[in-house]
2 protein chains.
Amino acid sequence: MAHVSRARQKVAVTADLVILTIREGRLCVLLVERAGEPFAGSLALPGGFLRGAESLEDAAARELAEETGIAAAKLYLEQVGVYSEPGRDPRSPRTITCAFLAVAPDLPLPVPGSDARAADWYPVTEARATRLAFDHDRILGEAIEAARDKLQFTSLATAFCGEEFTIGELREVYEVVWDVELDRPNFHRKVTDADGFVVPTGGRRPATTGRPAAVYRAGPAELLIPPMMRPSATKL
Amino acid sequence: MAHVSRARQKVAVTADLVILTIREGRLCVLLVERAGEPFAGSLALPGGFLRGAESLEDAAARELAEETGIAAAKLYLEQVGVYSEPGRDPRSPRTITCAFLAVAPDLPLPVPGSDARAADWYPVTEARATRLAFDHDRILGEAIEAARDKLQFTSLATAFCGEEFTIGELREVYEVVWDVELDRPNFHRKVTDADGFVVPTGGRRPATTGRPAAVYRAGPAELLIPPMMRPSATKL
DNA sequence: GCAATAGTGTCTCTAAGACAGTATCAC
DNA sequence: GTGATACTGTCTTAGAGACACTATTGC
């Protein structure tokens with residue numbers, strides 16, 4: 001093997017964020033319009049380079065705060081993969097990125113990022129039909145698939161809701177992220193029976209129409225037992 | 001923010017491998033004894049620095065071949081996480097590692113690594129009771145937990161077996177990795193019923209004692225439907 | 001015959017899905 | 001009242017687990 005290829009390279013490392021939320025009944029992702037080259041004018045996932053003495057988790061949380069103004073401590077934030085194909089970033093053949101999945105409740109429009117990029121929510125159907133910068137198409141696709149899987153086995157769905165929510169709002173999360181329709185009575189029983197998934201606050205929330213719904217908070221459980229099985233999974 | 005902390009750092013990147021197998025009824029992991037500082041003499045996960053134009057997956061496959069002599073194409077190999085805490089490697093405060101989980105059938109003792117480190121299999125019970133180099137304790141623990149989860153929902157268990165195996169051997173994989181005892185009749189029915197998990201070859205394998213077992217090969221399914229539920233999961 | 005493993009049959013229990021029916025609101 | 005949503009009850013079916021039972025080998 002050639003000597004040069006055995007060298008311990010130093011590489012640039014970024015943390016990129018797939019921030020998902022539900023707005024107007026659609027699954028949306030936060031994208032920024034790139035100001036500079038490469039891919040100027042293209043949409044891209046928010047993210048940035050790893051700085052001084054911080055971990056990738058710190059960097060992801062910092063970027064999240066900069067792009068959305070949300071304190072990352074309040075949010076679900078998790079690694080979903082590392083992307084290291086040589087040449088994936090034309091600036092330098094050796095830039096690798098660690099992708100994070102973040103899930104937020106419906107938020108006010110993001111504040112303009114501190115680096116003056118236009119950030120906005122895009123329905124994932126649109127985002128996936130668009131050519132994103134770098135390999136962000138692939139990252140977005142894999143992060144969404146990870147989120148879909150996590151809904152089955154973890155209480156991730158509550159991260160899409162605010163502090164308090166109704167069973168109907170929680171059901172909408174599953175329906176929107178999985179793009180399916182769920183049986184309302186069965187869903188209600190399932191989530192209220194699952195141990196530690198949701199806990200009633202005692203309050204009720206008057207709806208625009210119909211009987212007011214009981215209000216719940218996220219419970220202590222992180223793993224769902226039994227899991228919420230995704231209907232399409234049985235068909236594959 | 002101070003100027004220095006905003007700089008785009010270049011960092012060293014390694015790929016570390018958690019290579020699991022089953023030997024003599026115990027879950028084992030391949031560890032190497034470190035020859036040089038830091039942590040000289042300590043046990044560590046095999047791994048190495050990212051080189052020229054290769055991805056982390058390439059680097060992991062290359063290290064796997066060097067340490068075990070197995071072509072990585074034949075093996076299950078998957079990212080399980082990135083570890084980037086500043087200071088996790090005393091050589092340089094900025095060395096991050098991407099951990100890979102690999103699963104191998106019972107193999108001949110590994111060939112001495114090309115970098116002349118002593119590599120050997122260790123039962124994970126021993127490995128977890130030992131202080132490994134760097135943050136490899138944590139990486140090993142998280143990789144094993146990932147493997148345990150994957151047994152439930154994917155056909156990963158077949159990767160622990162050879163090309164051909166019996167249902168009893170497959171059951172031993174679950175029993176050893178999960179450290180539980182499973183009901184033989186129910187296990188047999190479950191795996192033979194699950195769609196595309198195992199396919200009979202038609203052969204039979206005479207055992208040391210008892211009725212000869214039918215021989216199976218891994219089926220095309222990657223996802224198990226229905227999943228194999230881990231008994232302890234319901235207790236948590 | 002005995003001991004061991006492989007595999008089948010059957011029962012019970014739990015959970016999922018279908019869906020009828022009741023409760024409570026706005027109008 | 002209608003119409004909407006929230007919830008409850010009940011039936012059927014599928015899968016999990018317990019375990020009795022049969023099958024096939026070496027000794």
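Residues numbered from 1 in each chain as written. Chains lettered and ligands numbered in written order. Predicted model: local features only at pLDDT ≥ 70, side-chain atom pairs only at ≥ 80, totals over all residues. Heavy atoms only, no water.

## Remarks on unusual backbone geometry
Residues and elements named next belong to chain A.
Phase 1 of the analysis: Residue Ile225 is joined to Pro226 through a cis peptide bond whose omega torsion reads 0°.
Phase 2 of the analysis: The backbone of Phe39 shows a phi angle near 65°, a positive value even though the residue is not glycine.
Phase 3 of the analysis: Residue placement: Phe39 occurs in the loop between β2 (26-33) and β3 (43-44).
Phase 4 of the analysis: Of note, Asp179 is a non-glycine position whose phi angle comes to about 60°, a positive value. (Helix = DSSP H or I, 4+ residues; strand = E, 2+ residues; numbered from the N terminus.)

## Focus on the interface of chain A and chain B
Where interface size is given, it is often the accessible area lost as the parts come together that is meant.
Phase 1 of the analysis: Tallying the contact residues gives 36 residues for chain A and 37 residues for chain B.
Phase 2 of the analysis: For the pair chain A and chain B, the two sides together bury roughly 3100 Å², of which 58% comes from carbon and sulfur.
Phase 3 of the analysis: Where chain A touches chain B, the interface holds zero salt bridges.
Phase 4 of the analysis: For the side of chain A that touches chain B, the secondary structure elements donating two or more residues are α1 (3-6), β1 (10-23), α2 (56-68), β5 (76-83) and β6 (95-103) of chain A.
Phase 5 of the analysis: With four residues, the top contributor of residues to the side of chain A that touches chain B is β1(A).
Phase 6 of the analysis: Two strands pair when backbone bridges link them, and β1(A) and strand β1 (residues 10-23) of chain B are joined in this way by three bridges, in the antiparallel orientation. In the sheet register, A:Val11 faces β1(B), and the bridge partner there is B:Val11. (Contact = heavy atoms within 4.5 Å. Buried area = accessible area lost by both parts, 1.4 Å probe. Salt bridge = Lys/Arg side-chain N within 4 Å of Asp/Glu carboxyl O. Pairing = 2+ DSSP bridges.)

## Notes on the relation of the copies chain A and chain B
Phase 1 of the analysis: Rotating chain A by 180° and moving it 0.0 Å along the rotation axis overlays it on chain B with an RMSD of 0.0 Å. What we have between these two chains is a two-fold relation.
Phase 2 of the analysis: Comparing interface residues between copies, 100% of those in chain A also sit at the interface in chain B, which points to an isologous, same-surface contact. (Least-squares fit on C-alpha atoms with pLDDT ≥ 70 in both.)

## Observations concerning the nonpolar core
Phase 1 of the analysis: Core analysis: the largest hydrophobic core is formed by 56 residues, its most contacted members being A:Val13, A:Leu56, A:Ile96, B:Val13, B:Leu56 and B:Ile96.
Phase 2 of the analysis: If sequence neighbours within four positions are ignored, B:Leu56 has contacts with A:Val82, A:Ser84, A:Ile96, B:Val13, B:Thr14, B:Ala15, B:Leu50, B:Cys98 and B:Phe100. (Core = buried A, V, L, I, M, F, W, Y, C linked by side-chain atoms within 4.5 Å. Buried < 20%, exposed > 50% of the residue type's maximum accessible area, 1.4 Å probe, protein only.)

## Thoughts on the protein's contact with DNA strand C
Phase 1 of the analysis: The local shell around DNA strand C holds 22 residues, among which A:Pro185, A:Asn186, A:Arg211, B:Pro185 and B:Ala214 are the closest.
Phase 2 of the analysis: Within 4 Å of the protein, the contacting atoms of DNA strand C are 60% sugar and phosphate, with bases supplying the remainder.
Phase 3 of the analysis: Here a base nitrogen of DNA strand C and a side-chain polar atom of A:Arg189 are 3.3 Å apart.
Phase 4 of the analysis: Side-chain polar atom of A:Lys190 to a phosphate oxygen of DNA strand C: 3.4 Å apart, as the coordinates give it. (Near = heavy atom within 4 Å. Polar contact = N/O pair within 3.5 Å; in protein donor to acceptor, adjacent residues only side chain to side chain.)

## With respect to the packing of helix α6 (residues 167-178) of chain B against helix α7 (residues 184-193) of chain B
In a packed pair of helices, the relevant descriptors are the angle between the two axes and the axis-to-axis distance.
Residues and elements named next belong to chain B.
Phase 1 of the analysis: The interhelical angle for the contact between α6 and α7, taken along N-to-C directions, is 105°, at an axis separation of 10 Å. In terms of orientation, α6 and α7 fall into the roughly perpendicular class. Contact residues: α6 offers Ile167, Leu170, Arg171 and Tyr174, while α7 offers Arg184, Phe187, His188, Val191 and Thr192. (Axes fitted to C-alpha atoms, helices over the stretch in contact; angles between N-to-C directions. Parallel < 35°, antiparallel > 145°, perpendicular 65-115°, else oblique.)

## Focus on the state of the cysteines
Here a disulfide denotes one covalent bond, and it connects the sulfur atoms of two cysteines.
Phase 1 of the analysis: Scanning the entire structure with this criterion turns up zero disulfides over all chains.
Phase 2 of the analysis: No disulfide involves A:Cys28; its sulfur sits 15 Å from that of A:Cys161, the nearest cysteine. (Disulfide = S-S within 2.5 Å.)

## Quick word on the environment of A:Phe165
Residues and elements named next belong to chain A.
Phase 1 of the analysis: Topologically, Phe165 is positioned in strand β8 (residues 164-166).
Phase 2 of the analysis: Judged by relative accessible area, which is 0%, Phe165 ranks as buried.
Phase 3 of the analysis: Separated by 67 residues in the primary sequence, Phe165 and Cys98 have C-alpha atoms spaced 32 Å apart.

## Things to note about the packing of aromatic side chains
Phase 1 of the analysis: A full pass over the atoms with the stated rule returns seven aromatic pairs over all chains.
Phase 2 of the analysis: An angle of 75° between the planes, with centres 5.0 Å apart, marks the rings of B:Tyr174 and B:Trp178 as edge-to-face. Of this pair, B:Tyr174 and B:Trp178 both sit in helix α6, separated by four residues, roughly a single helical turn.
Phase 3 of the analysis: Among the residues examined, B:Trp178 registers a relative accessible area of 5% and is labelled buried.
Phase 4 of the analysis: Centre to centre, the rings of B:Tyr174 and B:Phe187 are 5.6 Å apart; their planes meet at 65°, and the pair counts as edge-to-face. Highlighted residues: B:Tyr174 in helix α6 and B:Phe187 in helix α7, separated in sequence by 13 residues. Residues B:Tyr174 and B:Phe187 agree in their burial class; the two are buried.
Phase 5 of the analysis: Aromatic ring contacts, followed pair by pair, group A:Tyr174, A:Trp178 and A:Phe187 into a single cluster. (Phe/Tyr/Trp six-rings, centres within 6.5 Å; stacked < 30°, edge-to-face > 60°.)

## Some points on the sheet that holds strand β9 (residues 198-205) of chain B
Residue and element names in this part refer to chain B.
Phase 1 of the analysis: Taken together, the three strands give an open sheet; going across it, the order is β8-β10-β9, and neighbouring strands pair in antiparallel fashion. Edge positions in the sheet fall to β8 (164-166) and β9, since each of these pairs with one other strand and no more. The sheet shows a mean angle of 40° between the axes of neighbouring strands, direction not considered.
Phase 2 of the analysis: Each of β8, β9 and β10 (213-218) touches α6; the most contacted strand, β8, lies at about 80° to it.

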